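Coordinates in review
Listed here are the chains, written in short residue letters.
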Number of protein chains: 2
Amino acid sequence: MDVLSDKNYIPQVAIDCVIFGYENRQLKVLLSKLAFKGNFYALHSGFIKQEEDLDEAAKRILEDRTGFQDIYLEQFKVFGRADNKRKQFLDALIQSNYSEDRKFLTETNNSNAYAWFTKRFISIGYYALVDMKRVSPKLTQFDVSIDWCPIQEVPELIMHYDEVFQEALAALRTDIDHKFNAFNLLPEKFTMKEVQQIYETIFEKEFTRSNFQKKILDMDVLERLEKRLTGAKNKAPYLYRLK
Amino acid sequence: MDVLSDKNYIPQVAIDCVIFGYENRQLKVLLSKLAFKGNFYALHSGFIKQEEDLDEAAKRILEDRTGFQDIYLEQFKVFGRADNKRKQFLDALIQSNYSEDRKFLTETNNSNAYAWFTKRFISIGYYALVDMKRVSPKLTQFDVSIDWCPIQEVPELIMHYDEVFQEALAALRTDIDHKFNAFNLLPEKFTMKEVQQIYETIFEKEFTRSNFQKKILDMDVLERLEKRLTGAKNKAPYLYRLK
DNA sequence: GCAAAAGTGTTAATTTTACACCCATGA
DNA sequence: TCATGGGTGTAAAATTAACACTTTTGC
């Protein structure tokens with residue numbers, strides 16, 4: 001990562017990414033636990049390089065955290081309150097971690113970076129839909145762990161991230177019917193049942209099997225492939241793939 | 001307006017406003033013509049004060065240009081390409097206006113402001129819906145005129161504004177069915193026919209009168225008021241108002 | 001053959017569309 | 001009383017929802 005300065009990055013602008021995955025009939029979100037005393041959970045943020053398109057920046061940040069390319073991304077909202085929750089939180093964090101990390105602020109470099117980092121920020125929210133199996137979350141210097149958390153069990157998040165998460169979830173629910181993007185939560189090939197289970201999970205309601213199948217096929221975005229023999233003693237379902 | 005500096009405003013972030021109005025069965029957009037040699041048309045942009053919420057900034061910019069408060073605003077997209085069309089355009093503009101405006105760059109203040117102004121920008125797009133009759137556009141030091149232009153006749157715009165305008169129009173068309181916001185283009189009290197004409201204008205298609213009435217009333221967002229005697233020799237239509 | 005689950009089809013319910021009819025208004 | 005356009009109701013069409021029937025799979 002380049003040095004945090006106005007020369008390298010656009011100041012006072014962050015990209016906040018809400019990364020959704022799906023497993024065991026649960027919608028999950030990737031949270032990082034901060035490498036500081038206390039239980040602090042965060043979303044994945046980054047900054048925009050001076051020479052870089054906004055969408056490129058979002059992709060780069062996502063790739064850094066998840067380790068793979070071609071992620072489905074959707075920009076959903078900009079957050080820009082002037083209450084500097086960011087600085088409040090970070091000041092308190094540094095304070096309570098002073099004994100171990102006292103060097104953090106004494107070095108000139110870090111002191112400049114800290115000032116840069118704690119200014120009031122505009123944050124641009126993106127959500128990402130990924131196939132969990134293809135993601136291998138990567139730690140940064142600031143987090144001690146990075147884990148998938150079911151959306152019903154998301155703990156309190158730091159700074160303004162609670163709001164970002166809630167808005168991302170709302171955006172996902174309204175987008176999914178028009179943008180046909182739920183398939184991005186699945187592997188390349190999938191059965192109709194898997195699609196239905198995702199929809200049922202996201203909307204927290206059940207759909208009639210036969211009608212659901214019609215509705216999805218009428219979207220005309222899937223192609224039918226070979227059958228998948230599951231070993232179960234029943235008819236084998238067809239596999240589908242995005243056209 | 002405060003001096004353009006990092007101290008007063010968030011650097012490299014602009015708010016671009018697309019202001020829609022409606023008149024004579026036409027959807028119009030408010031454009032400003034720049035006070036420079038040549039025919040240059042622009043949308044309405046502004047910057048975010050350091051102590052100001054993002055939405056407040058958008059409101060302020062809109063109020064400055066239109067002269068009234070309580071404008072219906074919707075944030076629709078962020079634009080962030082790194083190609084600096086902004087600087088390219090402004091350099092060329094200054095160049096071609098050099099003889100008259102040579103002082104512009106020689107004063108230290110302006111030179112600083114110019115450097116600030118021509119950096120690479122992230123721009124946050126908002127669209128506004130207003131009752132044209134209540135708007136009295138106000139000139140800034142940079143525009144020679146500010147006028148309503150039917151959306152079919154919008155000329156080429158400077159910088160990246162063509163894209164912003166097109167995206168705003170697309171956002172308006174997709175929003176209007178869910179957000180019930182078309183009424184903001186009309187005066188406080190209006191007839192059903194006026195609503196229908198707005199819809200027909202925006203979607204460029206006709207609706208059956210009786211079915212349209214049902215659809216709008218089923219939204220359950222309007223209250224019926226007294227009749228309006230128009231003087232026409234036919235039944236007087238009811239007036240409606242947003243609940 | 002049987003149970004389980006997937007694929008397909010059929011009918012009922014609901015919503016949308018088209019259109020007809022009646023009513024108020026001013027000449 | 002007539003022409004005009006607004007308000008309301010009704011029948012047809014289309015879409016959606018509910019559910020039944022058939023097929024495939026492994027034991």
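Residues numbered from 1 in each chain as written. Chains lettered and ligands numbered in written order. Predicted model: local features only at pLDDT ≥ 70, side-chain atom pairs only at ≥ 80, totals over all residues.

Remarks on the overall build of chain A
On a plain count of helices and strands, chain A comes out with eight helices and nine strands. Principal-axis analysis of the C-alpha atoms places the extent of chain A at approximately 65 × 35 × 30 Å. Looking at the 243 residues of chain A, the share that counts as buried comes to 26%. (Helix = DSSP H or I, 4+ residues; strand = E, 2+ residues; numbered from the N terminus. Buried ≥ 20, exposed ≤ 12 C-beta atoms within 10 Å, placed from the backbone.)

Some details on the packing of helix H7 (residues 192-203) of chain A against helix H8 (residues 209-218) of chain A
Residues and elements named next belong to chain A. Between H7 and H8, the shortest axis-to-axis distance is 10 Å and the interhelical angle comes to 95°. As summarised for this structure, H7 and H8 are arranged roughly perpendicular, according to the angle between their axes. Packed against H7, whose contacting residues are Met-192, Val-195 and Gln-196, the element H8 presents Arg-209, Phe-212, Gln-213 and Ile-216 at the interface. (Axes fitted to C-alpha atoms, helices over the stretch in contact; angles between N-to-C directions. Parallel < 35°, antiparallel > 145°, perpendicular 65-115°, else oblique. Contact = placed C-beta atoms within 7 Å.)

Considering the protein's contact with DNA strand C
Surveying the vicinity of DNA strand C reveals 20 residues, the closest of which are A:Ser210, A:Asn234, B:Ser210, B:Lys233 and B:Lys235. Mapped by element, the contributors of at least two residues to the surface near DNA strand C are H7 and H8 of chain A together with helix H7 (209-218) of chain B. Broken down by class, the residue content of the surface near DNA strand C amounts to six nonpolar, eight polar and six charged. (Near = placed C-beta within 6 Å. Nonpolar A, V, L, I, M, F, W, Y, C, P; charged D, E, K, R; others polar.)

Description of the protein's contact with DNA strand D
In the region of DNA strand D, 20 residues are neighbours, and A:Lys233, A:Lys235, B:Ser210, B:Asn234 and B:Lys235 sit closest. Looking at the surface near DNA strand D, the elements that each hand over two or more residues are H8 of chain A together with helix H6 (192-203) and H7 of chain B.

Topic: the interface of chain B and chain A
Contacts between the two partners involve 18 residues from chain B, matched on the other side by 19 residues from chain A. When residues of the side of chain B that touches chain A are traced back to their parent elements, those giving at least two are strand S1 (9-23), strand S5 (72-79) and strand S6 (122-129) of chain B. For the side of chain B that touches chain A, the element with the highest residue contribution is S1(B), accounting for four residues. The residue makeup of the side of chain B that touches chain A, split by class, is nine nonpolar, four polar and five charged.

Concerning the domain arrangement of chain A
Residue and element names in this part refer to chain A. Each assigned domain of chain A is listed with its residue range as follows: domain 1 (9-183) and domain 2 (187-242). Computed from C-alpha coordinates alone, the two centres of domain 1 and domain 2 are separated by 32 Å. Across the boundary between the two partners, domain 1 contributes 12 residues, which contact 11 residues of domain 2. Put simply, the parts of the chain that give the side of domain 1 that touches domain 2 at least two residues each are strand S2 (26-34) and helix H6 (161-179). Split by residue class, the side of domain 1 that touches domain 2 holds seven nonpolar, one polar and four charged. (Domains from an automatic or database assignment.)

Digging into helix H1 (residues 54-66) of chain A
Between its terminal C-alpha atoms H1(A) stretches 19 Å, which fits the 18 Å expected from 13 residues at 1.5 Å a residue. Listed in full, the buried residues belonging to H1(A) are A:Leu54, A:Ala57, A:Ala58, A:Ile61, A:Leu62, A:Arg65 and A:Thr66. Along the long axis of H1(A), the arc covered by the buried residues comes to 145°, so they all point the same way. Next to the buried residues of H1(A) lie strand S1 (9-23), strand S4 (44-49), strand S5 (72-79) and strand S6 (122-129) of chain A together with S5 and S6 of chain B. (Expected span 1.5 Å × (residues − 1). Arc of directions from axis to C-beta.)

Describing the relation of the copies chain B and chain A
Rotating chain B by 180° about the axis while translating it 0.0 Å along that axis superimposes it on chain A, leaving an RMSD of 0.1 Å. Such a combination of rotation and displacement between the chain copies is what one expects of a two-fold axis. Mapped onto chain A, 100% of the interface residues of chain B are again interface residues, and the two copies thus contact each other with one and the same surface. (Least-squares fit on C-alpha atoms with pLDDT ≥ 70 in both.)

Considering the environment of B:Phe20
Residue and element names in this part refer to chain B. Mapped onto the secondary structure, Phe-20 falls in strand S1. For the pair Phe-20 and Phe-207, spaced 187 residues apart in the sequence, the C-alpha separation amounts to 22 Å. Contacts of Phe-20, omitting those with residues within four sequence positions, involve Leu-27, Val-29, Tyr-127, Ala-128, Leu-129, Leu-172 and Leu-185.

Quick notes on the environment of B:Ile176
Residue and element names in this part refer to chain B. Structurally, the position occupied by Ile-176 is in helix H5 (residues 161-179). For Ile-176, a count of 18 C-beta atoms within 10 Å corresponds to the partly exposed category. Sequence-distant contacts of Ile-176, defined by excluding residues within four places in its chain, comprise Asn-181, Ala-182 and Ile-202.

A few points about the UniProt feature "domain: NrtR DNA-binding winged helix" (unreviewed entry) in chain A
The UniProt record annotates "domain: NrtR DNA-binding winged helix" (unreviewed entry) at residues 182-242 of chain A. With 36% helix and 18% strand, residues 182-242 of chain A has end C-alpha atoms that lie 11 Å from one another. (UniProt positions renumbered as here; feature names shortened; annotations may be inferred.)

A few points about the pairing of S1(A)
Residues and elements named next belong to chain A. Within S1, 14 of the 15 residues are buried, leaving the element largely enclosed by the surrounding structure. Pairing of S1 with S4, which is carried by five bridges, proceeds in the antiparallel orientation. Its bridge partner lying in S4, Tyr-9 is registered against Lys-49. In this sheet, S6 lies alongside S1 in parallel orientation, the contact comprising eight bridges. Its bridge partner lying in S6, Ala-14 is registered against Ser-123. Where S1 folds back onto S2 in an antiparallel hairpin, the turn is made up of two residues, including Asn-24, whose phi is positive at roughly 50°. (Pairing = 2+ DSSP bridges.)

A word on the environment of B:Pro150
Mapped onto the fold, B:Pro150 is located in strand S7 (residues 143-150). Once the C-alpha coordinates of B:Pro150 and B:Tyr22 are considered, the two residues, 128 residues apart in sequence, prove to be 8.8 Å apart.

Focus on unusual backbone geometry
Residue and element names in this part refer to chain A. Positive phi values are uncommon outside glycine, yet Asn-24 reaches one of about 50°. By secondary structure assignment, the location of Asn-24 is in the loop between S1 and S2. The residue Asp-220 is not glycine, and still its phi comes out positive at about 65°.

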